[in-house]
Amino acid sequence: MEKKLMGLSCSLGVILGLLVLVSTAKSVQAMTCEEAIAALMPCQSFLTTPAPSPTLACCKAVANVNAAASTTQSRRELCECFEKYAPAYGVKPEKAKQLPVLCAVHVPVPIDPSVDCKT
């Protein structure tokens, strides 16, 4: 269960990690890596399967995690978190890239596995 949790975050990590960009278990404006992963669990099926679109619950989760990562440091930490855990849970990078558009959530950084979280 813990792996699924971290996998989903990664999914949004590469998704939102790449989404909002931040990693580690450090506090992300009151949101840790584990909390971000747990919050993004509604996105797991979209990120790991052929599902054509994310659910409303997923999009709300994306918006909430994005809002919580309001500083450069918090985005960097989440990015690293998602970068670390997404691959382990089968998150499809191309699906992660689609989340901001499909959920109508503006993210300050591109969601892409090639993004350098430190910049």
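Structure: see above.
As the structure is a computational prediction, the values presented were derived from the model and not from experiment.

(A) Structural context of the overall build of the protein. Each helix and strand counted, the protein has six helices and zero strands in total. Reading the protein from its N terminus to its C terminus gives the helix and strand order α-α-α-α-α-α. Looking at the protein as a whole, 51% of its 119 residues are labelled buried. A sequence separation of at least 24 residues applies to 84% of the contacts in the protein between residues at least 6 apart.

(B) Region of the structure containing the packing of aromatic side chains. Using the criterion set out here, one finds zero aromatic pairs in the structure. Over the ring of Phe 46 we find Lys 95; its NZ or CZ atom is 4.3 Å from the centre of that ring.

(C) Seen up close, helix H4 (residues 56-68). For H4, which comprises 13 residues, the first-to-last C-alpha distance of 18 Å matches the rise-based estimate of 18 Å (1.5 Å per residue) to within 8%. Listed as buried for H4 are Cys 58, Cys 59, Ala 61, Val 62, Val 65, Asn 66 and Ala 68.

(D) Quick look at the pattern of salt bridges. This structure, assessed with the given rule, holds two salt bridges. Note that Lys 97 and Asp 112 form a salt bridge whose closest N and O atoms lie 3.1 Å from each other. Residue Lys 97 is found in helix H6 (residues 93-103), and its partner Asp 112 is found in the segment after H6; the two are separated by 15 residues along the sequence. For Lys 97, a relative accessible area of 43% gives the class partly exposed.

(E) Looking closely at the state of the cysteines. Counting across every chain of the model gives four disulfides. Each sulfur of the disulfide joining Cys 33 and Cys 81 lies 1.9 Å from the other. Torsion about the S-S bond of the Cys 33 and Cys 81 cystine: about 70°, corresponding to right-handed handedness. With Cys 33 in helix H2 (residues 33-39) and Cys 81 in helix H5 (residues 72-85), this residue pair connects regions lying 48 residues apart in the sequence. When its relative accessible area of 3% is taken as the criterion, Cys 33 is described as buried. Taking the relative accessible area as the measure of exposure, Cys 81 reaches 0% and is therefore buried. Each sulfur of the disulfide joining Cys 59 and Cys 103 lies 2.1 Å from the other. Negative torsions about the S-S bond denote left-handed disulfides, and the value of about -70° found for Cys 59 with Cys 103 makes this one left-handed. With a gap of 44 residues between them, Cys 59 in helix H4 and Cys 103 in helix H6 connect regions that are remote in the sequence.

About the thresholds
Residues numbered from 1 in each chain as written. Predicted model: local features only at pLDDT ≥ 70, side-chain atom pairs only at ≥ 80, totals over all residues. Heavy atoms only, no water. Helix = DSSP H or I, 4+ residues; strand = E, 2+ residues; numbered from the N terminus. Buried < 20%, exposed > 50% of the residue type's maximum accessible area, 1.4 Å probe, protein only. Contact = heavy atoms within 4.5 Å. Phe/Tyr/Trp six-rings, centres within 6.5 Å; stacked < 30°, edge-to-face > 60°. Lys NZ or Arg CZ within 6 Å of the ring centre and 35° of its normal. Expected span 1.5 Å × (residues − 1). Salt bridge = Lys/Arg side-chain N within 4 Å of Asp/Glu carboxyl O. Disulfide = S-S within 2.5 Å.

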